[in-house]
Structures are given as C-alpha cells and as structure tokens.
Amino acid sequence: MEDHLSEILPSYRGKRSKLIPILQEVQAKFGYLPEEVMRELATFIGIPECEAYSVATFYAQFRLMPLGKKRVAICRGTACHISGAPKILEATEKVLGIKDGETTADLEYTLETVACIGCCALAPCLRINEDVHGRLTPAKASELFPAPSTNKGEQDVQ
Ligand code: FES
C-alpha cells in the first residue's frame, strides 16, 4: 500500500487544497479509501483526519468500503418503480443482510440503487455485474442470491 501512496502523495506536498484530487487518485488506485490511507494522507497534507473524512463522506463518489465481487444494482427508474422496485429492493436487502450502498462482510456483494438500466420492458429489474434479471417479484429476486447462513445449528448443539 505504501508504494501506491508514495506514487501519489509527493506531487501534492504542501497542497492542502488538493484533498479532493488526492482522494480521487487514492480511490482510483485502491478501489476505495482505506482507513490507514486516510490517516496517512491527512498527516501528509497537514489536516486533521476528521477533515479528510468530512470531505470523503460529503461526496457520493467516494467509498470508504471496498466493493463486493458482485455489484447488485436495483433499478429505481420510473418503469421499475411503478412495477414494484421498492419491494425488490426490500427483498434483496433482506436476503443479503445489507442496505442500499453497503457491502456484505464477506465482500461478495455490494448493493446499490441506480436510475434506469435500459431494460424497461422487463421492469422491475436488477443487474448483477453485467447480467440483467427482469420481470421480478420479491420472491424471484430473493432466489437470485444464496440463502443467508445462520448459526442456528451451532446454537442448537449447546
Ligand atoms: S426503469 Fe428500470 S430499466 Fe428502465
């Protein structure tokens, strides 16, 4: 990680006003803004760490968590919305155990909502990476994902 930062930071020495371009470069390099990198870059340009986080959390373009291997995009465009997208989102959030904008702890899935994905005739629909699934119901959407694991079996043994 330090190798990547040593490529980025020197050109910004003494340039406190360049926080946003630095964050953009860091995110382009790592895919998100890792905690240790945030600490290091704040120290380097001489600002409090909370100021770096304040900017990073203000802009939607920045991510503080890595993306999952599979990006799940629930369409919230008009056609999908009136066809039941809110229920599709609710079912997907439930089966994955995360909310819109979050990534599962195993880094398998990132859930997000997007505007029209161009398949309105299939509304309501969602996309998993490049694959579009349409004419969904909450039950069909849930079946696209593995059932959440539970520790019920272990609890029963005790
Ligand atoms: S509104 Fe959902 S695909 Fe167009």
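In short, a report on the structure. (Residues numbered from 1 in each chain as written. Predicted model: local features only at pLDDT ≥ 70, side-chain atom pairs only at ≥ 80, totals over all residues.)

Some words on the pairing of strand 1 (residues 70-75)
Turning to step 1, where the next piece is worked out: Bridge analysis of strand 1 against strand 2 (residues 109-114) gives six bridges, and the strand direction is parallel. Residue C75 lies in a different strand from strand 2, and its bridge partner there is V114.
Turning to step 2, where the next piece is worked out: Taken together, the three bridges between strand 1 and strand 3 (residues 126-128) define a ladder with antiparallel strand orientation. Pairing of V72 across the sheet is with I128, part of strand 3. (Pairing = 2+ DSSP bridges. Helix = DSSP H or I, 4+ residues; strand = E, 2+ residues; numbered from the N terminus.)

So, helix 6 (residues 85-96)
Turning to step 1, where the next piece is worked out: The end-to-end C-alpha distance of helix 6 is 16 Å, a good match for the 16 Å that twelve residues give at a rise of 1.5 Å each.
Turning to step 2, where the next piece is worked out: Restricting attention to buried positions, one finds in helix 6 the residues A85, I88, L89, A91, T92 and L96. Seen along its axis, helix 6 keeps its buried residues to an arc of 165°; they face one direction.
Turning to step 3, where the next piece is worked out: Each element contacted by the buried residues of helix 6 is listed here: strand 1, helix 5 (78-82), strand 2, strand 3 and helix 7 (138-142). (Expected span 1.5 Å × (residues − 1). Buried ≥ 20, exposed ≤ 12 C-beta atoms within 10 Å, placed from the backbone. Arc of directions from axis to C-beta. Contact = placed C-beta atoms within 7 Å.)

Structural notes on the environment of E112
Turning to step 1, where the next piece is worked out: Along the chain, E112 turns up in strand 2.
Turning to step 2, where the next piece is worked out: In this structure, the C-alpha to C-alpha distance between E112 and A73, residues 39 residues apart in sequence, is 5.0 Å.
Turning to step 3, where the next piece is worked out: In this structure E112 touches R71, A73, D100 and G101, once residues within four positions along its chain are discounted.

Overview of the sheet that holds strand 1
Turning to step 1, where the next piece is worked out: Across the sheet, which stays open at both edges, the four strands sit in the order 2-1-3-4 with mixed pairing between neighbours. In this open sheet, the two strands that pair with only one neighbour each are strand 2 and strand 4 (131-133). Ignoring which end each strand starts from, the neighbouring axes of this sheet average 20° apart.
Turning to step 2, where the next piece is worked out: Of the pairings in the sheet, the one linking strand 3 to strand 4 comprises three bridges and is antiparallel in character. When the sheet's bridge partners are listed, L126 is paired in strand 4 with H133.
Turning to step 3, where the next piece is worked out: Together, strand 1, strand 2 and strand 3 form the strand contacts of helix 6, whose direction differs from that of strand 1 by roughly 155°. (Axes fitted to C-alpha atoms, helices over the stretch in contact; angles between N-to-C directions.)

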